[in-house]
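The lines below spell out each chain.
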Amino acid sequence: MGEFEMIAKTFQGLEEVLAKELVALGANNVQIGRRMVSFTGDKALMYKANFHLRTAVRILKPIMHFKASSADEVYEVIKAVDWEQYLNWGSTFSVDAVVYSDVFRHSKFVAYRVKDAIADHFNEKHGKRPSVRLNNPDLIFHIHIAGEDCTLAFDSSGESLHRRGYRVETGAAPINEVLAAGMIMLTGWNGECDFIDPMCGSGTIPIEAALIARNIAPGVFRQGYAFEKWNDFDSELFRSIYEDDSAEREFKHKIYGYDVDGRMVACARRNVKSAMMGDIIEIECRDIKDFVQPEERAMMVVNPPYGERLVLENLLNIYKELGARLKHSFQGNEAWVISSSYDCFDQIGLKASARIPLYNGDLDCEFRKYEMFQGKYKGFRDEGNALKKDFAPLKRKSRLTGLDGEQRPSRKEREADNFSSEIDSDSMRRRRELESYFDSYKSRKAAPRRKSEDEGKGERRADNRGERREKPFANDRPRKFEGDKRGDFRQGARDNRKNDDSRKPYARGGKPERKESNRKQGDFKPLRGGKRKDFNRN
């Protein structure tokens, strides 16, 4: 039984955990990729991977790798494959496509071309073709395209591996079983102490913790796999893997799940009963504010609400109360919290010793570790203690957002903003000082001018009570008023311009005749803020 290439798909952030699981199963040539881990093994390893892996979504078996720059090239390559060794004209199949390419813009179109290639291959050779069936087909094809690199593979899992089979009822937003198991495995907990989930919902995290504590394979509840319909399926080999329970162990501690919603508590109890874990899992209806210090050492993993169903005030209060309970009622233990908002993490008010980026569906989240101790962190550190930071977080930049959907700026960006704000505030302070100085200077300089203007206004008011004083420049532009109508006034103005010899243009080469001005020196007023001009000065 020779080895062949396989690919295990997973969620982003759980690749290293999945690689460790594969190594423990005996996989060779394990290589970590983005949301996948490639490895080699035989048919028995493929059966074990589907049955035992907790953090895998599906197991693929590649059958060919090729390059293509168009959908027509994909069609020609796949049509030339000898498909009779895999299925016949009476079989059913389906095609799933994943595309990351600028050449292939639509994954559905790629899937259609693959389907057409297989169908046309049988039509040309046999005059009959296999049928396409979306639900429970005999063979599932998976084509993956990255740029121009194409991989065609068989899906050995069928239904996603996160569908364990024990869940009979769910809440509004249940956590994925693969993510729940990955979170527990990231903590390093393996059943050596009690386990607590104070916001258990439908009970997914406590049930996955029970499976890990007893080392029970997650596939024991499933109804079937896609590889069971393959032509080379070995039923005896798979039965031996299914019935082998030699690795299971006894769990001597307890797993506790709490929730404030009585309906979710009833749902979690039904799921626990379906998973046959009622002897080690206890589900109770309890609010987080009623959480008390456990009698023995315990590990806590909690998936609080993210704000999709709760209003802002209640959501932040939940995280604030969670932080208070961890500080005062969970001393000497470790707690792990997952959330998609840094605003929620800020409400916890505790220092995290590890931050692991994860994805919960489409939400970019962080999985943070909190080590609880008595007193303040400064005193804890002065006693020679330190937070355990030996855990190596995954190398991926976290992009948490606030409750408003905006991403938090990095530390460098925040420092730059603080520096610029300090500069701006300093500049504004200096500007205000200069403005106040110039205002006072202008007021001092303008005081004598305002005094003279006030005196002039008093003289004018006195003149207005008697005969109106003749205005300066009155002799320069005499005007006629020959009527009260507006048109007559304009006509008079035009006549004045025509009869005014001073407005005629100068003769070519001539000089204007100098006129003696009737204005007196006292008739001139200085410019504002300037000095009076002395006309007698040569």
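Up top is the structure these notes are about.
Cut-offs and rules
- Residues numbered from 1 in each chain as written.
- Predicted model: local features only at pLDDT ≥ 70, side-chain atom pairs only at ≥ 80, totals over all residues.
- Heavy atoms only, no water.
- Helix = DSSP H or I, 4+ residues; strand = E, 2+ residues; numbered from the N terminus.
- Contact = heavy atoms within 4.5 Å.
- Areas by Shrake-Rupley, 256 points an atom, 1.4 Å probe, with all protein chains shown as cover.
- Buried < 20%, exposed > 50% of the residue type's maximum accessible area, 1.4 Å probe, protein only.
- Phe/Tyr/Trp six-rings, centres within 6.5 Å; stacked < 30°, edge-to-face > 60°.
- Lys NZ or Arg CZ within 6 Å of the ring centre and 35° of its normal.
- Salt bridge = Lys/Arg side-chain N within 4 Å of Asp/Glu carboxyl O.
- Polar contact = N/O pair within 3.5 Å; in protein donor to acceptor, adjacent residues only side chain to side chain.
- Pairing = 2+ DSSP bridges.
- Axes fitted to C-alpha atoms, helices over the stretch in contact; angles between N-to-C directions.
- Disulfide = S-S within 2.5 Å.
- Parallel < 35°, antiparallel > 145°, perpendicular 65-115°, else oblique.
- Left-handed = near helix turned anticlockwise from the far one by under 90°.

Peer 1: Just to check I follow, could you spell out the overall build of the protein for this structure?
Peer 2: Secondary structure summary: the protein contains 13 helices and 15 strands in total. Within the protein, contacts between residues separated by at least 24 positions form 75% of all contacts whose residues are at least 6 apart in sequence. As displayed, the protein has an accessible area near 33100 Å², and 46% of this comes from carbon and sulfur atoms.

Peer 1: Sorry, what's going on with unusual backbone geometry here?
Peer 2: Positive phi, close to 55°, is recorded for Asn-29, a residue that is not glycine. For Asn-29, the location among the structural elements is in strand 2 (residues 28-32). Since its relative accessible area comes to 56%, Asn-29 is described here as exposed.

Peer 1: What should I look at first to understand the packing of aromatic side chains in this one?
Peer 2: Two aromatic rings are characterised by how far apart their centres lie and by the angle between their planes. A complete count under the given rule lists 23 aromatic pairs for this structure. Relative to Phe-141, the ring of Phe-93 has its centre 5.9 Å away and its plane inclined at 80°; by these criteria the two rings are edge-to-face. Within this pair, whereas Phe-93 is found in strand 5 (residues 92-100), its partner Phe-141 is found in strand 7 (residues 139-146), the two being separated by 48 residues in sequence. We note that Phe-93, like Phe-141, is buried. A centroid spacing of 5.9 Å and a plane angle of 80° characterise the contact between Tyr-225 and Phe-238, whose relative ring orientation is edge-to-face. Residue Tyr-225 is found in the loop between helix 6 (204-213) and helix 7 (235-243), and its partner Phe-238 is found in helix 7; the two are separated by 13 residues along the sequence. Each member of the pair, Tyr-225 as well as Phe-238, carries the same accessibility label: buried. Members of the aromatic cluster, joined through ring pairs, are Tyr-47, Phe-51, Tyr-225, Phe-227, Phe-233, Phe-238 and Tyr-242. Of note, Lys-128 hangs over the ring of Trp-89, and the distance from its end group to the ring centre comes to 4.1 Å.

Peer 1: I tried to follow the pattern of salt bridges on my own but got confused; where do I start?
Peer 2: Side chains that differ in sign of charge can pair as their charged atoms come close. One pass over the full model with this rule turns up 20 salt bridges. The salt bridge involving Arg-239 is made with Glu-236; its shortest N-O contact spans 3.0 Å. A residue pair is termed a helical-turn pair when its members lie 3 or 4 positions apart in one helix, as Arg-239 and Glu-236 do in helix 7 at 3 residues. Between Lys-254 and Glu-282 there is a salt bridge whose closest N-O contact spans 3.6 Å.

Peer 1: In this structure, what is going on with helix 5 (residues 177-187)? I would like to understand it.
Peer 2: Note on helix geometry: an α-helix contains 3.6 residues per turn, so any two residues three or four positions apart are oriented the same way. Counting buried positions along helix 5 gives 10 out of 11 residues, so the element sits mostly inside the fold. By the burial criterion, the buried members of helix 5 are Glu-177, Val-178, Leu-179, Ala-180, Ala-181, Gly-182, Met-183, Ile-184, Leu-186 and Thr-187. The N-cap of helix 5, judged by a side-chain oxygen 2.8 Å from the amide nitrogen of Val-178 a few residues on, is Asn-176. Gly-188 occupies a position one or two residues after helix 5 and carries a positive phi of about 85°.

Peer 1: Explain the sheet that holds strand 15 (residues 363-371) to me, please; I cannot follow it from the model alone.
Peer 2: What links the strands of a sheet is backbone hydrogen bonding, and the strands pair in either a parallel or an antiparallel sense. Spatially, 7 strands are ordered 11-10-9-12-13-15-14 in an open sheet, and the strand pairing comes out mixed. Looking at strand neighbours, the two that pair on one side only are strand 11 (281-285) and strand 14 (354-360), the edges of this open sheet. Mean inter-strand twist for the sheet, computed between neighbouring axes without regard to direction, equals 20°. Seen against the sheet, helix 5 touches strand 9 (194-197), strand 12 (298-302), strand 13 (334-339), strand 14 and strand 15 and runs at an angle of roughly 170° to strand 14.

Peer 1: When you look at the state of the cysteines in this model, what are you seeing that I'm missing?
Peer 2: Simply put, the disulfide is a covalent bond whose two ends are the sulfur atoms of two cysteines. Enumeration according to the criterion identifies 0 disulfides in this entry. Considering cysteine sulfurs only, Cys-267 is the nearest to Cys-200, which forms no disulfide, with 9.3 Å between them.

Peer 1: Just checking my understanding: could you explain the packing of helix 5 against helix 6 for this structure?
Peer 2: Helix packing for two helices is described by the angle between their axes and how far apart those axes are. Remark: helix 5 packs on helix 6, axes separated minimally by 9 Å, with the N-to-C direction vectors making an angle of 60°. As far as their axial angle goes, helix 6 and helix 5 are oblique. The handedness of the crossing between helix 5 and helix 6 is right-handed. For the pair formed by helix 5 and helix 6, the contact residues are Glu-177, Ala-180, Ala-181, Met-183, Ile-184 and Met-185 on the first element and Thr-204, Ile-205, Glu-208, Ala-209 and Ile-212 on the second.

Peer 1: What is the right way to look at the sheet that holds strand 6 (residues 131-132) in this model?
Peer 2: Within the open sheet, the 8 strands sit side by side as 2-3-1-4-8-7-5-6. Their pairing is mixed. Lying at the two open borders of the sheet, with one neighbouring strand each, are strand 2 and strand 6. Relative to strand 6, strand 5 runs parallel, the two sharing 2 bridges. Pairing of Phe-93 across the sheet is with Val-132, part of strand 6. The strands touched by helix 3 (residues 71-79) are strand 4 (58-67), strand 7 and strand 8 (149-155); relative to strand 4, the strand with the most contacts, the crossing angle is about 105°. This element, helix 4 (residues 107-126), spans strand 5, strand 6 and strand 7 of the sheet and lies at about 140° to strand 5.

Peer 1: Quick question: what am I supposed to make of the pairing of strand 1 (residues 4-9) here?
Peer 2: The pairing of strand 1 with strand 3 (residues 36-41) spans 6 bridges and is classified as antiparallel. Pairing of Lys-9 across the sheet is with Met-36, part of strand 3. Of the strand pairs in this sheet, strand 1 and strand 4 are connected by 3 bridges, and their pairing is antiparallel. For Ile-7, the partnering residue across the bridge sits in strand 4 and is Leu-60.

Peer 1: I would appreciate a short explanation of the pairing of strand 8 in the present structure.
Peer 2: Each regular strand displays side chains that alternate between the two surfaces of the sheet. Summarising burial for strand 8: 6 of the 7 residues are buried, a large majority. Bridge count between strand 4 and strand 8: 7 bridges; the pairing is antiparallel. Directly across from Lys-67, in strand 8, lies its bridge partner Asp-149. Examined bridge by bridge, strand 7 and strand 8 share 6 bridges and lie antiparallel to one another. Looking across to strand 8, one finds that His-144 is bridged to Thr-151. Counted between consecutive antiparallel strands, the loop separating strand 7 from strand 8 contains 2 residues, among which Gly-147 sits at a positive phi close to 70°.

Peer 1: Help me understand the side chain of Ser-38, please; the structure alone is not making it clear to me.
Peer 2: Tracing the sequence through the fold places Ser-38 in strand 3. Judged by its relative accessible area of 14%, Ser-38 is buried. Each residue touching Ser-38, except ones within four places of it in the same chain, is listed here: Met-6, Ile-7, Asn-29, Val-30 and Gln-31.

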